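Each chain, written out:
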Amino acid sequence: MGHECVKINATGQSVNVTASHLKEGKYTERNISCNILVGTDGAGSTTRKLAGIELRGEKDLQKLVSVHFLSRDLGQYLLNERPGMLFFIFNTEAIGVLVAHDLMQGEFVLQMPFYPPQQSLDDFSPETCKHLILKLVGQELSDIDVIDIKPWVMHAEVAEKFVSCDNRIILAGDAAHRFPPAGGFGMNTGIQDAHNLAWKIAALVKGIAPSSILHTYETERRPIAIFNTALSVQNFRAAMAVPATLGLDPTVANSVHQTITDGVGSILPSGLQRAILDGIFTIGRAQLSEFLLNEKNLLGSSRLAKLRRLFEEGKSLQLQFPAEDLGFRYLEGALIPDSDSVGTQEPPTGRRRDYIPSSDPGSRLPHMNVRMLSNSSSEACISTLDLLPLDKVEFLLFIAPLEKSYHLAVAALKVAEEFKVSVKVCILWPTETVKGAEARSKTAMAPWENYIDVAEAKKSSNSSSWWSMCQMTEKGAILVRPDEHIAWRAKSGLDDDPILQMKSVFSAILKV
């Protein structure tokens, strides 16, 4: 902490970073040599700029001012009267989006449209922001404490590459992609980046895989970032459908602003430009008055009816995207695609889609509760996702207790030893056939001990079995990566030469 990257020099052998830091009141520079540099330094990433990596996409979707403030009075009012996390506020006095970070502590961030150069940051002094907060909230608040006021620009862009300089400089999180804050895609996509990258760096550092494994990070993650960018833009525009329905179309406001700034209005004095802009926005907000926006007014009732339909049909802002948050799938990279699996991704619809578990290579391992048969408590259940360790690079091979599957498991452990990678075998038993399971597995797996016996913990007799949920037969097998994504599967049968099969599998996944 406290260090700022000011220079990067990547050679064939290492990356040399010059960092500036404050020491005893003076800025001093420090040189750091490393094998890999990961830039997770935010939307304005210095790492990205110094590496010469460009962004691609839509710039300047919207300019805003962000006001971070505290008010326990507001927090208590909302907790008691209108509990929520996100408030879109439109009235004749002001327009803004209030984000409740902590209602109990009264911590908020207010986002308001910003139109420079007619407006400047000086127009948003702490006192002015307090006044705007009171106008938006419609309540008397005596304890508003403005912490910070910052302008920012909403973009929808993805870096042209995530990995550069011979796999030595890597971008992740907002440094690699910046989205509209509509749907939580920024944080979800950033965490997924780190989740994907961590085991690959560990595999390289431990000598399990060559540096080419790092390029699969870009191969896998960049398409997801591009997809999520499109989805977040769709969701942002869906959110803007609400003010547009009320007669406050943001695209019209932006067009008016552009005309004043770059068009015919640009020849006018700056003070007059500001007065015109304020006047037009005041007229626009007047459409939100109770005089116009009521059921007795023909135009107002029509707008209210359209607004109701917008919400009822789910065409406004969506906050839950389970299919995208959990169901995203890598189509190529550190995995072996099925010959029969579909190799394309459906375009985003902007609408909520449910998560459907899948065992397709590149997908996240499906969840099922299982019982550990070696556990003294036969009722102890864990998720299949929790069978992977957190502290080492280890693959997990799921098999059924069949003779040919046991042969594959033993072969996988032999090959893994040759490849210097850890593999654990999970023998998944149907609920009704667990008697004698441990003794049978011990005989079949000898002398290997890196395996576990688990049994399906079905909610009811009608629940799907593990293999049917995965749309496979029990004669197949699933190999899971350390990041819980499926690296390979044999859908309905295994090769006659399991050693050769597993050598081919690990060689393709680890890029060796």
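Residues numbered from 1 in each chain as written. Predicted model: local features only at pLDDT ≥ 70, side-chain atom pairs only at ≥ 80, totals over all residues. Heavy atoms only, no water.

Looking now at the packing of helix H4 (residues 185-205) against helix H5 (residues 215-245). Two elements in contact, H4 and H5, have axes whose closest approach is 11 Å; the angle formed by their N-to-C orientations is 175°. Judged on the interaxial angle alone, H5 and H4 are roughly antiparallel. Residues Phe185, Thr189, Gln192, Asp193, Asn196, Leu197 and Lys200 of H4 form the contact with H5, whose own contacting residues are Thr216, Tyr217, Glu220, Arg221, Ile224, Ala225, Asn228, Leu231 and Ser232. Along the lines of polarity and charge, the residues of the contact of H4 with H5 split into six nonpolar, six polar and four charged. (Axes fitted to C-alpha atoms, helices over the stretch in contact; angles between N-to-C directions. Helix = DSSP H or I, 4+ residues; strand = E, 2+ residues; numbered from the N terminus. Parallel < 35°, antiparallel > 145°, perpendicular 65-115°, else oblique. Contact = heavy atoms within 4.5 Å. Nonpolar A, V, L, I, M, F, W, Y, C, P; charged D, E, K, R; others polar.)

Okay, the nonpolar core next. Within the largest apolar cluster, 57 residues are counted, with the highest numbers of intra-cluster contacts made by Phe395, Leu397, Val425, Met445, Trp488, Met502 and Phe506. The element that contributes the greatest number of residues to this core is helix H10 (residues 403-418), accounting for nine residues. With sequence-adjacent residues up to four places away left out, valine 425 is seen in contact with Leu397, Ile399, Ala409, Leu413, Met445, Asn450, Tyr451 and Ile452. One finds Phe87, Ile89, Ala100 and Leu141 within the second-largest nonpolar core, a separate group that totals 25 residues. (Core = buried A, V, L, I, M, F, W, Y, C linked by side-chain atoms within 4.5 Å. Buried < 20%, exposed > 50% of the residue type's maximum accessible area, 1.4 Å probe, protein only.)

This part is about the sheet that holds strand E19 (residues 486-490). Pairing is mixed across the open sheet formed by seven strands, whose spatial order is E14-E13-E17-E16-E15-E18-E19. Every interior strand has two partners, whereas the edge strands, strand E14 (381-383) and E19, have only one. Each strand of the sheet is rotated relative to its neighbour by a mean of 30°, with strand direction disregarded. Pairing geometry for strand E13 (residues 369-372) and E14, over three bridges, is antiparallel. For valine 370, the partnering residue across the bridge sits in E14 and is isoleucine 382. (Pairing = 2+ DSSP bridges.)

Spanning 13 residues, helix H6 (residues 250-262) covers 18 Å between terminal C-alpha atoms, matching the ideal 18 Å at 1.5 Å per step. Looking at H6, one finds that the buried residues are Pro250, Ala253, His257 and Ile260. One side of H6 carries all its buried residues, which in axial view fall inside an arc of 90°. Facing away from the buried side of H6 by over 90 degrees, the exposed positions are Thr251, Gln258 and Asp262. (Expected span 1.5 Å × (residues − 1). Arc of directions from axis to C-beta.)

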